[in-house]
Amino acid sequence: MKAVSLENVRFAYPGNEQMRFNFSVGAGERLAIMGASGSGKSTLLHLLAGFETPQSGSIISGNMDMTSVEPAARPVSILFQDNNLFGHLTVSQNIGLGIAPRLKFSKAENQAVEIALTKVGLTGLGKRLPYELSGGERQRAALARALLRDKPVLLLDEPFAALGPAMRVEMLDLVMQLQIEKNLTVIMVTHNPDDAEHFATRIGFVENGQLSATMPADALQQPPKGSALADYLGSKQNKT
Amino acid sequence: MASNLINQNKTALAALGFLALLTGGALLALAVAALQSSSGFTSAFDTYFLRIAGFTLWQAALSTLLSVVPAVFVARALHRHPIFFGRSLVLRLMALPLALPALIAALGLLALFGRAGVAAPFLSWAFDTRWPGIYGLGGIVLAHVFFNMPLATRLFLMALDAVPNDHWRLAAQLGFTPFVRFRLLEWPAIKSTISGVALIVFLLCATSFTLVLTLGGGPQATTIEVAIYQALRFDYAPQRAVAFAIVQLVFALVIAAIASRFVVAEPVRNNDVLRAKLMRPKSLEAMMNITLMAAAAIFIAAPMLAIVARGLEADVSKLVTQPAVISAILTSLTLASLASILCCFLATALLSARSTTITNYALRGGGVLLSVSPIVIGAGWFVALQGVINPLKAAPVLIVAVNAIMALPFVLHMLAPSWAASRARHDRLAASLGVSGFTRFRLVEGIALRGPILAALAFAAALSLGDLGVVALFGSDNLQTLPSLLFARLGSYRSDDAAGLALLLMVLCLGLLRLADLLIDKETRR
């Protein structure tokens, strides 16, 4: 079953080249999207989240056309590379925003926040402010909020790019574990082929603002000769 | 080591020396005068003093409240609508009061809300009594709001612009209502800067001179600043002037010291085009925002339009043939040019200092300069010169010098960023080639930063051109500038002349501001 599909979606920033997206992701899949800087990877996630509106085409989730649905009403959660938490709110408040935007929590909601904290390994850190956490812990908190929102699609906009290699693997494993547990559909934008290989079941490659097909993750091992993906991977290919 | 520091920073140290002499000399003269007659000093603190001190604080507090609170919501409205036709016009309008002479604003407000103003019939009807005009507390506060509400709005807008776009995206995804958005995002951003902004506005209102002089009504509505001037020029009571000047100075320094502990947001540009798609206010909120922005724009534009309307009624072409007017224009242009050249010379000397410590101190000291009012410095030199020569004879020199240091904090602020960028780029190369001092300025900054320097010159000239403070203290029939001539014509009820002169002065000042804007725009587009 398809979780999300983009059908002939066209979009352009004023004065820039038009982007075209035409592909779908199955429920429970982990798709890694790769591509050079400025190729339109983040824009793709912003279209899915509703921060940008396509000029034409439609974005379908399940049976629902969500092309013109408000961001808050879409079945997606997103994690940015940075700025996922509001600096003046505690970790618990930041997470609680996922279920109670007015920050008035019932007892059950408080419990839900505690459980989410535990799931991402932040037990006991709820009272802290974001600046008192490490970079990895902040992303864990953001992940906890996404869990609490309980949306079937999770969008990751390079949220672990600033972390060290060991921490990145740890975070990816955590996401994978939660993904399997809840049968989430995850779309992750990344620059790092190792991350993609470690995490994804499928990969997509954005070039010149276009993504029209996805391929199995094994393609990273042996990209089709002469393809854009092969050019992008370059040295990595020589290494193996 | 020490001699090296002196040798390599001669010009910058000379500039610092000049600043120290001008301000320090005035303060020393005040201190000596106070010590010479301590009985005269203490007897100045009578019930009259208490009354004007009380009024000074009360009008400043009221002005601050009425400037800052509306500014929060106007800034929020502007931020919620990052793109609409006319937005840049509204923002430019908000910047105009910065260069508009206080005297012109006072006249504009009187033309609208005065006893015979445009709005008087309506106000008489609304309050069911003959509208008494706005002399006194009402007028002073209204004029202070005219100047400071736009300033506060611009500073709050900067704070809101500094919130990362990702946070607005999160707000959209989490489904924040306008109220939640204000509580969790907008208010915290504004809160981080509101104390600093309020203190700056309070300081500006507590030490403003021209507005209180023109709109204040007798002893009921006088501030310490105006009382210093009255003591020197009308009551011949230098002891009282000295006492008041010292109080004013200490008060201003304390406020400035507290204000410096609070941060005012640095300009950060997040992408407006990206944000515009995240900001989709519902129609009710959008309507309220538009009403608010329109009201603010009308409030700022109306007094200036009134000046234009009244000025065009007066016969400006005949006015500019009067010898007194021609002489005032020439005097004003000469003094303002000299002041702006001196100001930019001081600024470039301080910014080019080999030692970055000197530059940093100069930038930080600039804020302190803001709090030392020209009237206080003027009063100091008035007292110092009194025994030696007729203080009025030194007027041109003092007007140029004091106007130059008044504009200095603004000019330093305008030039510092591009100067720092140029230094980061050229310092090593220049050092390796042995290019320094004036040669360096001629070959590098003098060319690369010509745009910003010319803009700073134009801006400083606009500020000096409109100033009434020092010239009121030192001016005489022999030395009339445009503002002092305008003030004199007002005093002798020649309101047609005043209206024509006001238009002339406003066009000159806003023209210079526009020129500065164009020069800066050209630079950023390069």
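Analysis parameters
- Residues numbered from 1 in each chain as written.
- Chains lettered and ligands numbered in written order.
- Predicted model: local features only at pLDDT ≥ 70, side-chain atom pairs only at ≥ 80, totals over all residues.
- Helix = DSSP H or I, 4+ residues; strand = E, 2+ residues; numbered from the N terminus.
- Rg over C-alpha atoms; globule rule 2.2 N^0.38 Å.
- Buried ≥ 20, exposed ≤ 12 C-beta atoms within 10 Å, placed from the backbone.
- Contact = placed C-beta atoms within 7 Å.
- Pairing = 2+ DSSP bridges.
- Axes fitted to C-alpha atoms, helices over the stretch in contact; angles between N-to-C directions.
- Nonpolar A, V, L, I, M, F, W, Y, C, P; charged D, E, K, R; others polar.
- Parallel < 35°, antiparallel > 145°, perpendicular 65-115°, else oblique.

Q: Can you lay out the overall build of chain B for me, pointing to particular residues and giving the numbers?
A: A count of helical and extended segments in chain B gives 25 helices and zero strands. Over its C-alpha atoms chain B spans a radius of gyration of 24 Å, differing by no more than 12% from the 24 Å that the globule rule assigns to 526 residues. Counting all 526 residues of chain B, 47% fall into the buried class. For chain B, long-range pairs separated by at least 24 residues make up 84% of all intrachain contacts whose partners lie at least 6 apart in sequence.

Q: Can you break down the pairing of strand β6 (residues 76–79) of chain A residue by residue, with the values?
A: All names here are of chain A. Of the two faces of β6, the one holding Val76 and Ile78 and the one holding Ser77 and Leu79 are both buried throughout. As judged from the four bridges shared by β6 and strand β7 (residues 153–157), these two strands associate in the parallel manner. The partner of Leu79 across the bridge, within β7, is Leu156.

Q: Explain the sheet that holds strand β2 (residues 19–26) of chain A to me, and be specific about the residues and the numbers.
A: Residues and elements named next belong to chain A. Within the open sheet, the five strands sit side by side as β5-β4-β1-β2-β10. Their pairing is mixed. Across the chains shown, the open sheet's two edge strands, defined by having one partner strand only, are β5 (64–65) and β10 (210–211). Relative to β10, β2 is paired through two bridges, and the arrangement is parallel. Within β10, the position partnered with Arg20 by the bridge is Gln210. Contacts from helix α1 (residues 41–49) reach β1 (2–11), β2, β4 (56–61) and β10 within the one sheet, and its direction differs from that of β1 by about 110 degrees.

Q: Could you give me a rundown of the sheet that holds β6 of chain A, with the residues and numbers involved?
A: Residue and element names in this part refer to chain A. Taken in spatial order, the six strands line up as β6-β7-β8-β3-β9-β11 in an open sheet, and their pairing is mixed. Bordering the open sheet on either side are β6 and β11 (214–216), each of which pairs with just one other strand. Neighbouring strand axes in the sheet, compared pairwise and without regard to direction, differ in orientation by 20 degrees on average. As judged from the three bridges shared by strand β9 (residues 202–205) and β11, these two strands associate in the antiparallel manner. Looking at the pairing, Ile203 lines up with Met215 of β11. Along the sheet face, helix α4 (residues 135–149) touches β6 and β7 and points at about 175 degrees away from the line of β6.

Q: If you had to explain the interface of chain A and chain B to someone new, which residues and values would you point to?
A: Contact with chain A, which involves 17 residues of that partner, is made by 15 residues of chain B. In the side of chain A that touches chain B, the residues fall into ten nonpolar, four polar and three charged.

Q: Can you tell me about the packing of α4 of chain A against helix α5 (residues 165–182) of chain A, naming the residues and giving the values?
A: Residue and element names in this part refer to chain A. It is the contact of α4 with α5, at a shortest axis distance of 11 Å, that shows an interaxial angle of 10 degrees. It follows from the interaxial angle that α4 and α5 lie roughly parallel. Here Gly136, Gln139, Leu143 and Leu147 of α4 lie close against α5, whose contacting residues are Met167, Met171, Val175 and Leu178. Classifying every residue of the contact of α4 with α5 by side-chain character gives six nonpolar, two polar and no charged.

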